[in-house]
Amino acid sequence: MTVAVGVGAPARAGDSNGNLQVRLGLTGVLFDESVKSVSTDLGDLKPAGANAKLGDVAVPTATITYFFTPNWAVEAICCTAKITAKGTGLLAPYGDLADAWVLPPIVTLQYRFDRIHSFQPYVGAGVQWIHYWPGKADNLLGATSVDIEDSFGFALQAGIDYDLGDGWSLVLDVKKTWLDTTVKWYGTPLGDVRSKIDLDPWWLTASLGYRFNVEDLFARRSAAPIK
């Protein structure tokens, strides 16, 4: 005789109404930067046309969303990326002014509208923090080192989640963040150079998600049969 003793519930497959979703995707980061000032130990360069532009980047991203209710959720998205600032105007001859690796997590509180067939649109608002690892300056600038201050700002979000069934979904997401930073170059022929920049990037993401219940991760399968 075989008796099966069950302890807990067996783990289930994905659940389109589960309370946790993980996603992997590709994000385009489109900077809408504005250089507010460029100053040196010898004076202000901004009126003379000193400017810079940040290059847009495409990076893989990971996202996790926790659902408190069917309509309310909190999301965190992150990646690592390398950004490059190129001189324009008076600074164009100096080429790449600086580059640095960044960690730019965004956390938002979302409202998820009820599904229309397989489509679930949502909106969100939150914050972003960007940490910059020590960067380097182009040799043409003549700086011995460059420092970029961390950024912190507000974020808005809109997106749509298309349910593929069994917990799988395709997600298209747009975020706009408002941030600024100060970049400092040390040891240039003009002395130390300081620039205040509004970054204000767009984050355009396409991702594949999998949704399930957190409890299922810890559910115990039925115990081995007792013979």
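These lines cover the structure that appears in this document, whether it is placed above or below. (Residues numbered from 1 in each chain as written. Predicted model: local features only at pLDDT ≥ 70, side-chain atom pairs only at ≥ 80, totals over all residues. Heavy atoms only, no water.)

Okay, the pattern of salt bridges next. Under the counting rule described, the total for this entry stands at six salt bridges. The salt bridge partner of Glu75 is Lys175, with a shortest N-O separation of 3.2 Å. Of this pair, Glu75 sits in strand β6 (residues 72-78) while Lys175 sits in strand β13 (residues 168-178), placing them 100 residues apart in sequence. For Lys175, a relative accessible area of 1% puts it in the buried group. Residue Lys184 pairs with Glu149 through a salt bridge whose shortest N-O separation is 3.7 Å. With Lys184 in strand β14 (residues 180-188) and Glu149 in the loop between β11 (145-148) and β12 (151-165), this residue pair connects regions lying 35 residues apart in the sequence. (Salt bridge = Lys/Arg side-chain N within 4 Å of Asp/Glu carboxyl O. Helix = DSSP H or I, 4+ residues; strand = E, 2+ residues; numbered from the N terminus. Buried < 20%, exposed > 50% of the residue type's maximum accessible area, 1.4 Å probe, protein only.)

This part takes up a nonpolar patch on the surface. On the surface, Ile116, Phe119, Ile160, Tyr162, Leu164, Trp168, Leu170, Leu172 and Leu208 cluster together to form a nonpolar patch covering roughly 820 Å² of accessible area. Counting residues per element, the ones that place at least two in the nonpolar patch are β12 and β13. For Leu164, the location among the structural elements is in strand β12. (Patch = residues over 30% accessible without salt bridge, like charges linked within 9 Å, V, L, I, M, F, W, Y side chains within 5 Å. Areas by Shrake-Rupley, 256 points an atom, 1.4 Å probe, with all protein chains shown as cover.)

Here we take up the side chain of Thr205. If you trace the backbone, Thr205 turns up in strand β16 (residues 202-212). With a relative accessible area of 6%, Thr205 lands in the buried category. Among the polar contacts made by the side chain of Thr205, one reaches the side chain of Thr27 at a distance of 2.7 Å. Aside from chain neighbours lying at most four places away, what touches Thr205 is Leu26, Thr27, Thr61, Ile77, Val171, Leu172 and Asp173. (Polar contact = N/O pair within 3.5 Å; in protein donor to acceptor, adjacent residues only side chain to side chain. Contact = heavy atoms within 4.5 Å.)

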